Amino acid sequence: MQPITNHMPTAELQALDAAHHMHPFTDEAALARKGARIITRGRGVRLWDSEGNEILDGMAGLWCVNIGYGRDELAEVAARQMRELPFYNTFFQTTHVPAIALAAKIAELAPGNLNHVFFAGSGSEANDTNLRMVRHYWALKGKPEKTVFIARKNAYHGSSMGSASLGGMQAMHAQGGLPLPDIHHIDQPHWYLEGGDHSPEEFGRARARQLEEAILAIGEDRVAAFIAEPVQGAGGVIIPPDSYWPEIQRICDKHEILLIADEVICGFGRTGTWFGSQTYGIRPHIMTIAKGLSSGYQPIGGSVVCDEVAEVLSHGEFYHGYTYSGHPVAAAVALENLRILEEEGIVGHVRDVAAPHLADAWGSLADHPLVGEAVSTGLMASLALTPDKARRARFAAAPGTAGYICRERSFANNLIMRHVADRMVIAPPLVITPEDIDLLVARARTALDEAHVILREEDLLKAAA
Ligand SMILES: *Cc1c(COP(=O)(O)O)cnc(C)c1O
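Residues numbered from 1 in each chain as written. Predicted model: local features only at pLDDT ≥ 70, side-chain atom pairs only at ≥ 80, totals over all residues. Heavy atoms only, no water.

Engineer: Lay out the nonpolar core with the relevant residues and their values.
Structural biologist: Core analysis: the largest hydrophobic core is formed by 86 residues, its most contacted members being Phe-149 and Trp-362. Each of two domains, domain 1 (37–67 + 346–457) and domain 2 (73–343), supplies a minimum of three residues to this core. Core analysis: the second largest hydrophobic core is formed by 36 residues, Ile-55, Tyr-244, Tyr-280 and Val-425 among them. (Core = buried A, V, L, I, M, F, W, Y, C linked by side-chain atoms within 4.5 Å. Buried < 20%, exposed > 50% of the residue type's maximum accessible area, 1.4 Å probe, protein only. Domains from an automatic or database assignment.)

Engineer: Summarise the domain arrangement of the protein chain; cite the residues concerned and give the values.
Structural biologist: Domain boundaries in the protein chain define domain 1 (37–67 + 346–457) and domain 2 (73–343). For domain 1 versus domain 2, the separation of C-alpha centres amounts to 26 Å. Contacts between domain 1 and domain 2 engage 31 residues on the former and 35 residues on the latter. When the two sides are added together, the surface that domain 1 and domain 2 hide from each other amounts to roughly 2700 Å², 63% of it contributed by carbon and sulfur. Three residues stand out in domain 1 for area buried against domain 2, namely Trp-63, Ile-67 and Arg-392, and they jointly supply 28% of the buried area on that side. Taken together, domain 1 and domain 2 are joined by zero salt bridges. Taken together, the connections running from domain 1 to domain 2 amount to 14 residue pairs in polar contact (both at pLDDT 80 or more). (Contact = heavy atoms within 4.5 Å. Buried area = accessible area lost by both parts, 1.4 Å probe. Salt bridge = Lys/Arg side-chain N within 4 Å of Asp/Glu carboxyl O. Polar contact = N/O pair within 3.5 Å; in protein donor to acceptor, adjacent residues only side chain to side chain.)

Engineer: Tell me about helix α5 (residues 97–109), and name the residues and values.
Structural biologist: Taking 1.5 Å of rise per residue, the 13 residues of α5 would be expected to cover 18 Å, and the 18 Å separating its terminal C-alpha atoms lies within 8% of that figure. For α5, the complete set of buried residues consists of Pro-98, Ala-99, Leu-102, Ala-103, Lys-105, Ile-106, Ala-107 and Leu-109. (Helix = DSSP H or I, 4+ residues; strand = E, 2+ residues; numbered from the N terminus. Expected span 1.5 Å × (residues − 1).)

Engineer: Can you lay out the state of the cysteines for me, pointing to particular residues and giving the numbers?
Structural biologist: Taken as a whole and assessed by the stated rule, the structure comprises zero disulfides. Free cysteine: Cys-266, not disulfide-bonded; nearest cysteine sulfur from Cys-64 at 14 Å. Residue Cys-266 is classed as buried on the basis of its relative accessible area, which comes to 1%. The thiol of Cys-306 is unpaired, and the distance to the nearest cysteine sulfur, on Cys-252, comes to 13 Å. Overall, Cys-306 belongs to the buried group, its relative accessible area being 2%. (Disulfide = S-S within 2.5 Å.)

Structure, rendered in structure tokens:
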């Protein structure tokens, strides 16, 4: 059987795409003028498009293809599971082996007493589960007034009503009447852009203390939980100062609130441990998981819940669930993905080989005239574009103008690197070799050089006042 892409010229596919396919997070008019790039195939850390270009995927798809593309084992497991039991639900006192086995495996890998999994189809769904589950938990404990979630500006927790409300993306809130009530956002620990003259350590502590200030202002009897990503991903790979998480943990320990770590990106090896919570010394009551759980080969997510919360919830029915909660094919594929991550020592490869290599290679970009900082943790990294390194200045042009130009030069050089406003980000598959890291960084440097020329020619190197 021929894939459809081999029958049709790229231009025709692009026309059909523009006519019928509504893309997420895309300016449709701009895309229609240009035509979408059509990805047809993947192997390891590489992708191919319908024009035959070989592309280095610096983003692991969308932060998710941790084991790389083209692992036949996952395809075989999916085919076997589809033949045996393509679907059954986990509602109403039934279950099946893939969901059982995956829940048990996640409980084994997860730190502390995080021993229970509520499955969802995605990270967004899992965070919606968390919203309802935590409020329900407090109600069961006789404290129904504890409903307020504290989250952070520029956080990303998903795109559904609940998860986008938890997220701190202003542009998202402006569309569709968000956030939902009783969700409060504090500032992010983004030292580079917001730290002013403070040292990163001072600034990290001050930003963490905003949590305590918010708890005291709102009232501890009203606050249900704090939710945050160990490292903000979609917000621009914002690595918090070392002082941040210990202070957050202290505050959560002191006050009666739950701590939710959104591990959708950091989970399953991204930071060089199984979970970002381990890298940053966080002890969450609940972890949100998705993405790397199945390396993106199947859509699946979930909430990993501690003993204490699960115990309280075990009295009575939680009226919540998704048709595809614990979907057998997705669960079987996720389990096989975890087997590969574990047996091939991929998390150790990140910690001992790939992350130190990336830290050096990526860090070397800091000498580029356009780069204000180049930072990484595990296999996620970012750099700030700036017209004036010494002042950590922003551009006078609209935010994202320089970032977009740099991203386009990166794509033109067959590297997928994203921009978040004027920050460039990468998060390659965890199996990337030191040689491919060098190639990635060399292409990133070329993109920076070319973007620098364009910015100069178009007189866009001016700093904001
Ligand atoms: C991607 C992401 C989500 C949402 O996951 P979806 O599967 O896209 O719904 C939630 N939290 C974080 C931290 C993410 O990066």
